[in-house]
Amino acid sequence: MRGKALAPNPYQLDVNIHHLSKTDARVHTIMTRSDGNNLNCDAKIIFQQPLPQYLNCNANFKNTKEFTDRLGLKDVPDAKINGPLRFYAKQVVSSLSKTTQPMVIDNKIVDAHYLIGIELPSSFTIELNKYAFAAPFLHSKQKSTRRNNAPKHVANIQMNSDGKINFDVNYQNKLFRVALSDKNETIRFKMPKQNLNLISLSMISIVCIPTSNVILMPTLMRVLIPYNLLLTVKLIRFFLAQK
């Protein structure tokens, strides 16, 4: 199947479906444009499951803003990427799940477990756009004779990693969990202009549960987010330090 997508100046879209049996198939999708932006995805699907058994996508977008704007995601964070990106997801068997538990019951996802990985440049800058924030702590970190000046405004941050990040993703009984697979993995965010480290994450666990309340607990930071989900972030290492 061929066509065009994401106008104006659309991408050329090619979709190839190869049936492996009566119950599953492989789907290969390619999106390309004359400016060099492209997306190449390969997936294995099982017809009775809404989520793919395997997904691998390679992308080359020099500026993610161009792509997210076309999806209608206005003013979200964007980045200029100097290098290719890869995203992959693979269904796995989890100790959290019973071996006989189906993924779908009554047309609803009840049990799903994935290993999800991202390969990206080891360092790049993210423009926060509407998520920019004030950083009053900068006054105490930086030497200045002015004490009544306004807080610094953080408009962009730099993300640093080893270039490969893997997550264990689990959904069961309306509970959604995400955790770094490698306990030695470290993700750092810093303010490039001030050369100031904001956050260093060596182990992160995120849990989303349906709730209408925000509950504060020691060592846990919980933030209420849209769709009435509670985002619980447990940081093993969290610090502010000036390099």
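Residues numbered from 1 in each chain as written. Predicted model: local features only at pLDDT ≥ 70, side-chain atom pairs only at ≥ 80, totals over all residues. Heavy atoms only, no water.

Caption draft 1: Looking closely at the overall build of the chain. Looking only at helices and strands, the chain features two helices and 22 strands. For the chain, the proportion of its 243 residues judged to be buried stands at 33%. Partitioning the contacts of the chain with sequence separation of at least 6, the portion at a separation of at least 24 is 53%. Roughly 15500 Å² of accessible area belongs to the chain as shown, and the carbon and sulfur atoms make up 57% of that amount. (Helix = DSSP H or I, 4+ residues; strand = E, 2+ residues; numbered from the N terminus. Buried < 20%, exposed > 50% of the residue type's maximum accessible area, 1.4 Å probe, protein only. Contact = heavy atoms within 4.5 Å. Areas by Shrake-Rupley, 256 points an atom, 1.4 Å probe, with all protein chains shown as cover.)

Caption draft 2: Broad picture of the pattern of salt bridges. By the definition in use, this model includes nine salt bridges. Of the charged contacts, one joins Arg-2 and Asp-14 as a salt bridge, the two residues approaching to 3.0 Å between their closest N and O atoms. Highlighted residues: Arg-2 in strand 1 (residues 2-5) and Asp-14 in strand 2 (residues 11-19), separated in sequence by 12 residues. According to the relative accessible area criterion, Asp-14 is partly exposed, its value standing at 22%. In this structure, Arg-33 engages Glu-66 in a salt bridge whose closest nitrogen and oxygen atoms are separated by 2.6 Å. With Arg-33 in the loop between strand 3 (24-32) and strand 4 (38-46) and Glu-66 in helix 1 (residues 64-70), the pair connects residues that are 33 residues apart, well separated along the chain. The network of salt bridges with shared partners includes Arg-33, Asp-35, Glu-66 and Arg-70. (Salt bridge = Lys/Arg side-chain N within 4 Å of Asp/Glu carboxyl O.)

Caption draft 3: The nonpolar core, seen in detail. Counting 23 residues, the largest nonpolar core has Tyr-114, Phe-124, Ile-126, Met-159 and Ile-165 as the members making the most contacts within it. Those elements that provide at least two residues to this core are strand 10 (111-119), strand 11 (123-127), strand 14 (156-160), strand 15 (164-172), strand 16 (175-180) and strand 17 (187-191). Beyond its immediate chain neighbours, meaning those up to four positions away, Ile-126 contacts Pro-77, Asp-78, Ala-79, Ala-155, Asn-156, Ile-157 and Met-159. (Core = buried A, V, L, I, M, F, W, Y, C linked by side-chain atoms within 4.5 Å.)

Caption draft 4: Examining the packing of aromatic side chains more closely. The tally for this structure, following the rule as stated, stands at three aromatic pairs. Each ring, one from Tyr-11 and one from Phe-61, has its centre 6.4 Å from the other, and the planes form 70°; the classification is edge-to-face. One end of the pair, Tyr-11, is in strand 2; the other, Phe-61, is in the loop between strand 5 (54-60) and helix 1, and 50 residues separate them in sequence. Residue Phe-61 is classed as buried on the basis of its relative accessible area of 7%. (Phe/Tyr/Trp six-rings, centres within 6.5 Å; stacked < 30°, edge-to-face > 60°.)

Caption draft 5: The arrangement of the state of the cysteines in detail. Applying the stated criterion to the full structure yields one disulfide. A sulfur-sulfur separation of 2.0 Å characterises the disulfide bridge that pairs Cys-41 with Cys-57. Handedness of the Cys-41-Cys-57 disulfide follows from its S-S torsion of about 115°: it is right-handed. Pair noted here: Cys-41 is in strand 4 and Cys-57 is in strand 5, with a separation of 16 residues, a long-range link. Of the residues examined, Cys-41 reaches a relative accessible area of 14% and is grouped as buried. (Disulfide = S-S within 2.5 Å.)

Caption draft 6: Structural detail: unusual backbone geometry. We note that Asp-75 has phi near 65°; this positive angle belongs to a residue other than glycine. Mapped onto the elements, Asp-75 comes out in the loop between helix 1 and strand 6 (78-79). Phi at Asn-129 is positive, roughly 55°, even though this residue is not glycine. Residue placement: Asn-129 occurs in the loop between strand 11 and strand 12 (133-135). Judged by its relative accessible area of 29%, Asn-129 is partly exposed.

Caption draft 7: Inspection of the environment of Asn-58 at higher detail. Following the sequence through the fold, Asn-58 ends up in strand 5. On the basis of relative accessibility, which here comes to 36%, the residue Asn-58 falls in the partly exposed class. Each C-alpha atom, one on Asn-58 and one on Asn-38, is 8.3 Å from the other, the two residues being 20 residues apart in sequence. Look past the residues within four positions of Asn-58 in its chain and what remains in contact with it is Asn-38, Leu-39, Asn-40, Leu-85 and Arg-86.

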